[in-house]
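Secondary and tertiary structure notes
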Amino acid sequence: MKKIIIANWKMNPSTEGEAVKLAKAEDEKNVVIVPPFPFLKSVKNVLRNASLGAQDVFYEKEGAYTGEVSPVMLEKLGVAYVIVGHSERRRLGEDDAMIAKKVRAAMDTGLKVILCVGEPLNVRRKGKRAVDVFIKKQLSYIKNKKNLIIAYEPVWAIGTGKNADPDDAARVAEVIRKKLPVPVLYGGSTNSRNAKSFLEKKEIAGLLVGGASIDPREFGKMVTIARHIRS
Ligand code: 13P
């Protein structure tokens with residue numbers, strides 16, 4: 001299976017024009033572009049090779065939920081993937097039970113789910129066993145593996161310039177796959193210098209890229225590296 005590279009732009013860029021330009025520059029096969037909600041439609045219109053993803057979704061189809069976006073709305077816009085349970089959303093108050101509801105609603109609508117899991121620094125400091133227990137608990141809420149991808153993103157590695165050790169990331173990917181046999185991505189301060197060390201692991205199906213995904217040159221290099229990995 002080809003390695004997949006997902007561009008999570010987070011709350012970037014500021015304007016539609018910049019988003020369209022960035023999307024055109026990153027429009028490659030085996031890539032998923034995940035722009036902010038307001039740019040989904042215009043990004044979709046320029047993609048020829050990459051797939052489209054959204055950064056979050058709500059668990060109801062419609063109703064009085066100010067500020068939320070339903071899976072049906074996303075699906076009708078041509079969104080194929082949705083990120084659920086990113087640590088930046090968990091930090092704002094989403095818990096495992098809510099995340100499980102979002103996963104189910106997105107799957108029921110036919111969206112592919114990229115579920116983010118990963119331990120904070122205080123758990124990592126306790127050692128590998130504590131990490132495994134923490135991640136298995138995050139996964140214990142998930143009952144269905146259809147259309148599911150899991151992204152292992154250690155919280156302490158996100159936006160910090162610190163990486164997981166690739167061997168340990170591969171080990172955690174295996175722990176995840178024993179519980180839920182689905183593709184597992186790695187995310188956390190990946191860039192063109194370290195992408196290969198993760199992508200060459202057979203346990204790691206691809207990368208979930210944050211900061212480096214809003215730099216088209218850097219992202220392009222990562223896509224090229226992924227393309228040259230034999231799997
Ligand atoms: P960075 O690549 O900026 O560390 O972000 C990773 C991430 O959170 C992707 O979802």
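Below, the structure is looked at part by part. (Residues numbered from 1 in each chain as written. Predicted model: local features only at pLDDT ≥ 70, side-chain atom pairs only at ≥ 80, totals over all residues. Heavy atoms only, no water.)

All right, on to the packing of aromatic side chains then. The final tally for this structure, using the stated rule, is four aromatic pairs. Geometrically, the ring pair formed by Phe58 and Tyr65 is tilted, given 4.9 Å between the ring centres and 45° between the ring planes. An aromatic cluster is present here, built from Phe58, Tyr59 and Tyr65 joined pairwise through their rings. Lying across the ring of Tyr59, Lys101 places its NZ or CZ 4.2 Å from the centre. (Phe/Tyr/Trp six-rings, centres within 6.5 Å; stacked < 30°, edge-to-face > 60°. Lys NZ or Arg CZ within 6 Å of the ring centre and 35° of its normal.)

Within the secondary structure, Gln138 sits in helix H7 (residues 128-139). Under the relative-accessibility criterion, Gln138 is labelled buried at 8%. For Gln138, the side chain forms a polar contact with the main-chain nitrogen of Gly118, separated by 2.9 Å. Once residues lying within four places of it in the same chain are set aside, the contact partners of Gln138 are Arg90, Asp96, Val117 and Gly118. (Helix = DSSP H or I, 4+ residues; strand = E, 2+ residues; numbered from the N terminus. Buried < 20%, exposed > 50% of the residue type's maximum accessible area, 1.4 Å probe, protein only. Polar contact = N/O pair within 3.5 Å; in protein donor to acceptor, adjacent residues only side chain to side chain. Contact = heavy atoms within 4.5 Å.)

Along the chain, Pro13 falls in the loop between strand E1 (4-8) and helix H1 (16-25). Overall, Pro13 belongs to the buried group, its relative accessible area being 16%. Between the C-alpha atoms of Pro13 and Phe39, which are 26 residues apart in sequence, the distance is 9.5 Å. If we ignore the near neighbours within four places in the chain, the residues touching Pro13 are Glu18, Ala19 and Phe39.

On to the sheet that holds E1, then. Pairing is parallel in the closed barrel, where eight strands are placed in the order E1-E2-E3-E4-E5-E6-E7-E8. Between one strand axis and the next, the sheet turns by 25° as a mean value, whatever way the strands run. Against the sheet, helix H10 (residues 216-227) touches E1, strand E2 (31-34) and strand E8 (206-209), its axis set at about 160° to E1. (Pairing = 2+ DSSP bridges. Axes fitted to C-alpha atoms, helices over the stretch in contact; angles between N-to-C directions.)

What follows covers the environment of Ala54. Positionally, Ala54 belongs in strand E3 (residues 51-54). Residues Ala54 and Val31, spaced 23 residues apart in sequence, show a C-alpha to C-alpha distance of 13 Å. With sequence-adjacent residues up to four places away left out, Ala54 is seen in contact with Val34, Phe37, Leu40, Leu74, Val79, Tyr81, Val82 and Ile83.

In this structure, the largest pocket encloses a volume near 390 Å³. The wall of the largest pocket is formed by 16 residues, among which Lys10, Met11, Gln55, Asp56 and Arg89 lie closest to the centre. One number sums up the size of the second largest pocket: a volume of about 190 Å³. Met1, Lys2, Ile4, Tyr81 and Ile149 are, among the 13 residues lining the second largest pocket, the residues nearest its centre. Of all the elements in the fold, those that place two or more residues in the lining of the second largest pocket are E2 and strand E6 (148-152). Classifying every residue of the lining of the second largest pocket by side-chain character gives nine nonpolar, two polar and two charged. (1 Å grid on protein atoms, 1.4 Å probe; cavity = no way out; pocket = protein on both sides within 12 Å on 5 of 7 lines; lining within 4 Å. Points joined across faces, edges and corners; volume = space filled by probe spheres on them. Nonpolar A, V, L, I, M, F, W, Y, C, P; charged D, E, K, R; others polar.)

The next point concerns H7. In this model, H7 (twelve residues) spans 17 Å end to end at C-alpha, consistent with the 16 Å of a helix rising 1.5 Å per residue. For H7, the set of buried residues is Val131, Asp132, Ile135, Gln138 and Leu139. Buried residues of H7, viewed axially, fall in a sector of 125°; they line one side. (Expected span 1.5 Å × (residues − 1). Arc of directions from axis to C-beta.)

This part is about the site of the ligand. Close to the ligand lie Asn8, Lys10, His86, Glu153, Ala157, Ile158, Gly159, Gly188, Ser189, Leu208, Gly210 and Gly211, which account for all nearby residues. The contact in question runs from an oxygen atom of the ligand to an N or O atom on the side chain of Lys10, over 2.9 Å. Here an oxygen atom of the ligand and a side-chain polar atom of Glu153 are 3.0 Å apart. About the coverage of the ligand: the protein hides 95% of its 300 Å² of free accessible area. Here the residues of the shell around the ligand sort into three nonpolar, seven polar and two charged. (Near = heavy atom within 4 Å. Areas by Shrake-Rupley, 256 points an atom, 1.4 Å probe, with all protein chains shown as cover.)

Per the stated rule, a full pass over the model turns up 15 salt bridges. For Asp168, the salt bridge identified is with Arg171, shortest N-O distance 2.8 Å. Taken together, the positions of Asp168 and Arg171, both in helix H8 (residues 166-179) and three residues apart, correspond to about one turn of that helix. Classification of Asp168 by relative accessible area gives buried; the value is 7%. With relative accessibility at 24%, the residue Arg171 sits in the partly exposed group. Across the salt bridge formed by Glu200 and Lys196, the nearest N and O atoms sit 3.3 Å from each other. Within the structure, one salt-bridge network assembled from shared partners comprises Glu119, Arg124, Asp132, Asp168 and Arg171. (Salt bridge = Lys/Arg side-chain N within 4 Å of Asp/Glu carboxyl O.)

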